[in-house]
Amino acid sequence: MTAVATPRFVHVLERGDNLALPPLLLLHGTGGDEHDLLPLGRMVTPGATLISPRGQVLENGMPRFFHRLAEGVFDEADLRRRTDDLASFVQVVQAEQGLPAPIALGFSNGANIAASLLLHHPGLLRGAALLRAMMPYREPPAARLDGTPVLLLSGAADPIVPAANSAALAALLQGGGAAVTHQSLPVGHGLSQMDVGLLRQWLGSIQGMR
Ligand code: MLT
């Protein structure tokens with residue numbers, strides 16, 4: 001038997017009291033940490049278990065989930081490897097805690113690695129909410145996402161993610177069979193109250209989330 005070293009992430013695991021709800025996998029943006037999205041997670045699905053890892057890369061002291069060469073230009077080999085690391089972490093936490101597949105809730109850099117998880121580990125996630133995500137790969141693999149619900153919320157005035165880029169990501173995921181809801185909000189890269197309302201609505205619409 002070969003022993004496989006599972007990459008551990010500094011993380012918060014907050015057990016919810018409503019076991020009928022899928023857990024949320026919270027993935028922060030650049031410069032955030034494992035505490036950043038906990039209040040949002042609690043707000044949009046009270047009672048759900050929250051799994052919140054900290055990205056293992058430091059860029060000028062700011063945690064991220066993978067290396068980049070410049071803003072919006074990713075080190076794709078690093079992203080690919082760290083996507084597998086994050087997938088292993090999720091599987092270990094699920095097995096240790098007896099949890100069903102989580103729904104990813106990622107913001108910015110966290111949304112980008114969540115998109116990569118969807119592409120490279122179909123079936124790992126019960127669904128994914130991608131807030132201000134962009135296409136993670138120049139030549140993305142074909143997605144195989146039969147019916148996986150995906151919420152993509154973009155900012156019409158986002159200086160980091162051009163509209164064509166998020167539209168291409170939506171088309172890629174949809175082409176792979178995901179049930180994509182894509183909305184462009186009249187905001188920039190930051191999160192808004194509109195995101196919270198739409199997230200709540202979308203999470204509520206996924207079967208078993210009530
Ligand atoms: C990224 O590097 O993932 C994106 O440029 C978003 C960001 O983190 O600023």
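Just so it is clear, the model here is predicted, and its values are computed rather than measured. Once a new chain begins, its residue numbering starts again from 1 and follows that chain's sequence as written. It should be noted that, the model being predicted, local features are given only for residues of pLDDT at least 70 and side-chain atom pairs only at 80 or more, the latter also being counted only at that level, while totals for whole chains, interfaces and linings use all residues. With hydrogens and water set aside, each side-chain value is computed from the structure's full complement of heavy atoms.

Q: Explanation requested: the pattern of salt bridges in the structure shown.
A: Any two side chains of opposite charge can pair, on the condition that their charged atoms come close. For this analysis, a salt bridge means a side-chain nitrogen from Lys or Arg found within 4 Å of a carboxyl oxygen belonging to Asp or Glu. Under the counting rule described, the total for this entry stands at 11 salt bridges. Residue Asp-78 is joined to Arg-81 by a salt bridge in which the shortest nitrogen-to-oxygen separation is 3.4 Å. With Asp-78 and Arg-81 both in helix α2 (residues 76–97), this residue pair falls three residues apart, about one helical turn. For Asp-78, a relative accessible area of 7% gives the class buried. In this scheme, a residue with accessible area under 20% of its type's maximum is buried, one over 50% is exposed, and one in between is partly exposed, where area comes from a 1.4 Å probe on protein chains only. According to the relative accessible area criterion, Arg-81 is partly exposed, its value standing at 45%. For Arg-132, the salt bridge goes to Asp-195, with nearest N and O atoms at 2.8 Å. Of the two residues, Arg-132 sits in the loop between β9 (127–131) and β10 (149–155) while Asp-195 sits in helix α5 (residues 193–205), which places them 63 residues apart along the sequence. The helix and strand labels rest on DSSP assignments: H or I over at least four residues marks a helix, E over at least two residues marks a strand, and numbering proceeds from the N terminus.

Q: Which parts of the structure should I look at to understand α5?
A: Structurally, the α-helix is built with 3.6 residues per turn, so residues lying three or four positions apart point the same way. A helix is expected to reach a length of 1.5 Å times the quantity of its residues less one. For α5, spanning 13 residues, the distance from its first C-alpha to its last is 19 Å, which sits close to the expected 18 Å at 1.5 Å a residue. Those residues of α5 lying buried are Asp-195, Val-196, Leu-198, Leu-199, Trp-202, Leu-203 and Gly-204. Should any heavy atoms of two residues lie within 4.5 Å, those residues are considered in contact. Buried residues belonging to α5 abut β2 (24–27), α1 (38–44), β8 (103–107), β9, β10 and β11 (179–185).

Q: Help me understand the sheet that holds β2, please; the structure alone is not making it clear to me.
A: As a general point, the strands of a sheet are linked pairwise by backbone hydrogen bonds and lie either parallel or antiparallel. The mixed open sheet is built from seven strands, whose spatial order is β1-β3-β2-β8-β9-β10-β11. Of all the strands in the sheet, just β1 (11–14) and β11 have a single pairing partner and so form its edges. Here the average twist between neighbouring strands, direction ignored, is 10°. Inspection of the sheet shows β1 paired to strand β3 (residues 50–53) by four bridges, in the antiparallel sense. A strand pair is defined by DSSP finding two or more bridges across the two strands. Orientation is described by axes fitted as lines to C-alpha atoms, over the contacting stretch for helices, and by angles from 0 to 180 degrees between their N-to-C directions.

Q: What exactly am I supposed to notice about unusual backbone geometry here?
A: For Ser-108, which is not glycine, the phi dihedral falls at a positive 55°. Tracing the backbone shows Ser-108 in the loop between β8 and α3 (109–120). With a relative accessible area of 12%, Ser-108 lands in the buried category. If you check the backbone angles, Arg-132 has positive phi at about 65° while not being a glycine. Among the residues examined, Arg-132 registers a relative accessible area of 1% and is labelled buried.

Q: Would you take a moment to explain the UniProt feature "domain: Phospholipase/carboxylesterase/thioesterase" (unreviewed entry) in the protein for this structure?
A: Mapped onto the present numbering, the UniProt feature "domain: Phospholipase/carboxylesterase/thioesterase" (unreviewed entry) falls at residues 23–197. Here residues 23–197 runs as 34% helix and 25% strand, with 19 Å between its end C-alpha atoms. UniProt positions are given in the numbering used here, feature names are shortened, and annotations may be inferred rather than shown by experiment.

Q: Explain the nonpolar core here, please?
A: Side chains of nonpolar character tend, in soluble globular proteins, to be buried together. Within this scheme, the nonpolar core is defined by two criteria: the residues are buried Ala, Val, Leu, Ile, Met, Phe, Trp, Tyr or Cys, and they are joined through side-chain atoms within 4.5 Å. Grouped together as the largest cluster of nonpolar side chains are 41 residues, with contacts concentrated most on Leu-25, Leu-27, Leu-118, Leu-125, Leu-130, Leu-169 and Leu-173. When residues of this core are traced back to their parent elements, those giving at least two are β2, α2, α3, β9, β10 and α4 (163–175). Of all the elements, α3 adds the most residues to this core, at seven residues. Other than its neighbours up to four places away in sequence, Leu-25 contacts Ile-51, Pro-53, Val-90, Pro-102, Ile-103, Ala-104, Leu-105, Leu-117 and Leu-125. Formed by 23 residues, the second largest nonpolar core is a distinct cluster that contains Val-12, Leu-40, Phe-107 and Val-196.

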